[in-house]
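# Structure at a glance
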Amino acid sequence: MKRRNFLISAAAMTAGVTIMPRLAFAAEGAIDVYFTSDQNVIDFWTNVVKPKFEAANAGITLNLVDGGDGAGVAAIGDRALAALASGTDPQADLFEGFDTRVTVDGIAKGLYVDFETAGLSNYSKINPLAFDIPTNLPYRGSQVLLAYDTTKLDPASVPKTWADLVTWIKANPGQFIYNRPNKGGSGGNFVRRAIFEANGNDPTKFTVDNFTDALATETLTPAWEILNDLAPSLFEGGAYTSGNTQSLQLLGQSAVTMIPAWSDQALSAIAQGVLPETTGLVQLQDLGLPGGFTKLAVLSNGTNKDAALKLADFLLTEEIQSAVLTELGGFPGVSWDHVSAELREKFADIIPASIPTFPGGKWETAVNDGWYRAVAPNVDPAS
């Protein structure tokens, strides 16, 4: 399943690209790029990355293929691993939005390029917060932040710590709302930020492998107390929206003053007029709201491996990283020192000092189920 729905402009939808068949035959000079990301990301590659890269690299073209979802691209990765063993063509060169750990034995058997040794000229520019493992190349990010109405809240007074945010919510009853955690990542990561707050602001306490029912009870219960304490001060005395988009709509209609929102969705909404230009964006500076980076993988046995590495390096240039901000509404994958001074100044309030992550799996189930039981027992999770 793709991560979340995006607001897609009519222009992006009509610009279009011919999506080639999922099992396209590899051709010399045609980089086969498979996506797990949403349509707005494919539109960005179609309208920005593809024409700029092809103009700078005569004789190389990009074949952009919607892989469907993570499972779809994982199957292509398994096929590529089999091709590696047999010495045949994997019919793929680069995966977008894919974790190389998903391919069982893929890293150990050398299926994916190690970017630390690949000689990319821009590799050193990558944001230190974004590094993962050497076969995953981070090139863009997204993080939940606070979107607010500057006509009702002076930017000089906007809260920038969790404690200040709680104080503001209680001092301005009815002016804050977040969505239910199983209905969108903006509200879900607001809940996770409360969990971090209840546990010493230490994200390392939560890993995919350390879940137990006892640890979940110990760590989540104090977070439910924090959120229950906030509930009476929320919109309509304790209402929650049904998704990211509904929260944006309430802010755009001036029904509330502040919401948690994905950085890319908020920036896109402002650019498209869904949110007014008077919308402000800010990130907490004690510990940011959770988010993460999207990675690339290059197949070591791809017909166009060298061209795919050129593309990976191109994505880390200032031109494309700036476009990630201005055209896609994401965060750069490189350090902010490597985007223009003008953009650094424009987005100063949302430059993160930290990008905490929270594991999925059993932790995700425990967070969602626990929130409904302890914080919103009268809300139907399926509604």
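Just so it is clear, the structure is predicted and the values come from calculations on it, not from any experiment.

### Notes on the overall build of the chain
Broken down by element type, the chain carries 12 helices and eight strands. A compact globule built from 383 residues should have a C-alpha radius of gyration of about 21 Å, and the chain, at 21 Å, falls within 12% of that. When its C-alpha atoms are laid out on the principal axes, the chain stretches across 65 × 45 × 35 Å. Counting only residues that meet the buried cut, the chain has 54% of its 383 residues in that class. Counting only contacts in the chain whose residues sit at least 6 apart along the sequence, the fraction spanning at least 24 positions is 78%. For the chain, the accessible area works out to roughly 15700 Å², and carbon and sulfur atoms hold 51% of it. Charged side chains in the chain number 26 positive and 42 negative. The centres of these two groups are separated by 2 Å.

### Observations concerning the nonpolar core
Of all hydrophobic cores here, the largest spans 63 residues; its most connected members are Ile31, Trp45, Phe115, Leu137 and Leu311. Among the nonpolar cores identified, the runner-up in size contains 42 residues, and Ala216, Trp224, Leu230 and Ala231 belong to it.

### What to know about the packing of helix α2 (residues 39–56) against helix α9 (residues 305–315)
In helix packing, the relevant descriptors are the interaxial angle and the interaxial distance, both defined with respect to the helix axes. Two numbers describe how α2 lies on α9: the axes approach to 11 Å, and their chain directions differ by 115 degrees. Crossing handedness for the pair α2 and α9: right-handed. Here Trp45, Val49, Lys52 and Phe53 of α2 come into contact with α9, specifically with Ala307, Lys310, Leu311, Phe314 and Leu315. Grouping the amino acids of the contact of α2 with α9 by side-chain chemistry returns seven nonpolar, no polar and two charged.

### Considerations on the side chain of glutamine 321
Mapped onto the elements of the fold, glutamine 321 is located in helix α10 (residues 318–328). Accessibility expressed as a relative area gives 0% for glutamine 321, which makes it buried. Those residues in contact with glutamine 321 that lie beyond four places of it in its chain are Tyr139, Leu315, Leu316, Pro332, Gly333, Val334 and Val339.

### Section: the pairing of strand β7 (residues 291–298)
Counting buried positions along β7 yields seven of eight residues, so the element is predominantly enclosed. Of the pairings in the sheet, the one linking strand β3 (residues 94–96) to β7 comprises three bridges and is antiparallel in character. Paired with phenylalanine 95 across the two strands is alanine 297, which belongs to β7. Summarising the sheet, strand β4 (residues 137–149) and β7 pair through six bridges and their orientation is antiparallel. Within the sheet, the bridge partner assigned to glutamine 143 lies in β7 and is glycine 291.

### Quick look at the packing of aromatic side chains
A complete count under the given rule lists 22 aromatic pairs for this structure. Ring centres 5.3 Å apart and planes at 45 degrees place the aromatic pair phenylalanine 176 and phenylalanine 190 in the tilted group. Here phenylalanine 176, found in the loop between α4 (162–171) and α5 (185–197), pairs with phenylalanine 190, found in helix α5; they are 14 residues apart in sequence, far enough to count as distant. Take phenylalanine 176 and phenylalanine 190: they sit in the same class, and that class is buried. Counting every residue linked through ring pairs, the aromatic cluster contains Trp162, Phe176, Tyr178, Phe190, Tyr240, Trp371 and Tyr372.

### Side note on the pattern of salt bridges
Using the criterion set out here, one finds nine salt bridges in the structure. As a salt-bridge pair, aspartate 349 and lysine 160 come within 3.6 Å of each other at their nearest N and O atoms. Taken together, the residues span a long stretch of sequence, with aspartate 349 in the loop between α11 (341–346) and α12 (362–374) and lysine 160 in the loop between β4 and α4 at a distance of 189 residues. According to the relative accessible area criterion, lysine 160 is partly exposed, its value standing at 33%.

### Description of the environment of alanine 92
Mapped onto the secondary structure, alanine 92 falls in the loop between α3 (70–86) and β3. Counting along the chain gives 157 residues from alanine 92 to glutamine 249, while the straight-line C-alpha distance between them is 40 Å. Each residue touching alanine 92, except ones within four places of it in the same chain, is listed here: Asp32, Tyr34, Ile76, Arg79, Leu299 and Gly302.

### Some remarks on the environment of glutamate 225
With respect to the secondary-structure elements, glutamate 225 resides in helix α6 (residues 213–230). Judged by relative accessible area, glutamate 225 falls into the exposed class, the value being 53%. With 31 residues separating them along the chain, glutamate 225 and alanine 194 place their C-alpha atoms 9.6 Å apart.

### Side note on α12
Taking 1.5 Å per residue as the helical rise, α12 with its 13 residues ought to reach 18 Å, and the 18 Å between its terminal C-alpha atoms agrees with that figure. Of the surrounding secondary structure, the elements contacted by the buried residues of α12 are α5 and α6.

### Topic: unusual backbone geometry
If you check the backbone angles, aspartate 105 has positive phi at about 70 degrees while not being a glycine. Tracing the backbone through its elements, the reader meets aspartate 105 in the loop between β3 and β4. You can call aspartate 105 partly exposed: its relative accessible area is 44%. Unusually for a residue other than glycine, serine 254 sits at a positive phi of about 65 degrees. Its location among the elements puts serine 254 in the loop between α7 (244–252) and β5 (258–262).

Conventions used here
- Residues numbered from 1 in each chain as written.
- Predicted model: local features only at pLDDT ≥ 70, side-chain atom pairs only at ≥ 80, totals over all residues.
- Heavy atoms only, no water.
- Helix = DSSP H or I, 4+ residues; strand = E, 2+ residues; numbered from the N terminus.
- Rg over C-alpha atoms; globule rule 2.2 N^0.38 Å.
- Buried < 20%, exposed > 50% of the residue type's maximum accessible area, 1.4 Å probe, protein only.
- Contact = heavy atoms within 4.5 Å.
- Areas by Shrake-Rupley, 256 points an atom, 1.4 Å probe, with all protein chains shown as cover.
- Lys, Arg positive; Asp, Glu negative; His and termini not counted.
- Charge placed at Lys NZ, Arg CZ, Asp CG, Glu CD.
- Core = buried A, V, L, I, M, F, W, Y, C linked by side-chain atoms within 4.5 Å.
- Axes fitted to C-alpha atoms, helices over the stretch in contact; angles between N-to-C directions.
- Left-handed = near helix turned anticlockwise from the far one by under 90°.
- Nonpolar A, V, L, I, M, F, W, Y, C, P; charged D, E, K, R; others polar.
- Pairing = 2+ DSSP bridges.
- Phe/Tyr/Trp six-rings, centres within 6.5 Å; stacked < 30°, edge-to-face > 60°.
- Salt bridge = Lys/Arg side-chain N within 4 Å of Asp/Glu carboxyl O.
- Expected span 1.5 Å × (residues − 1).

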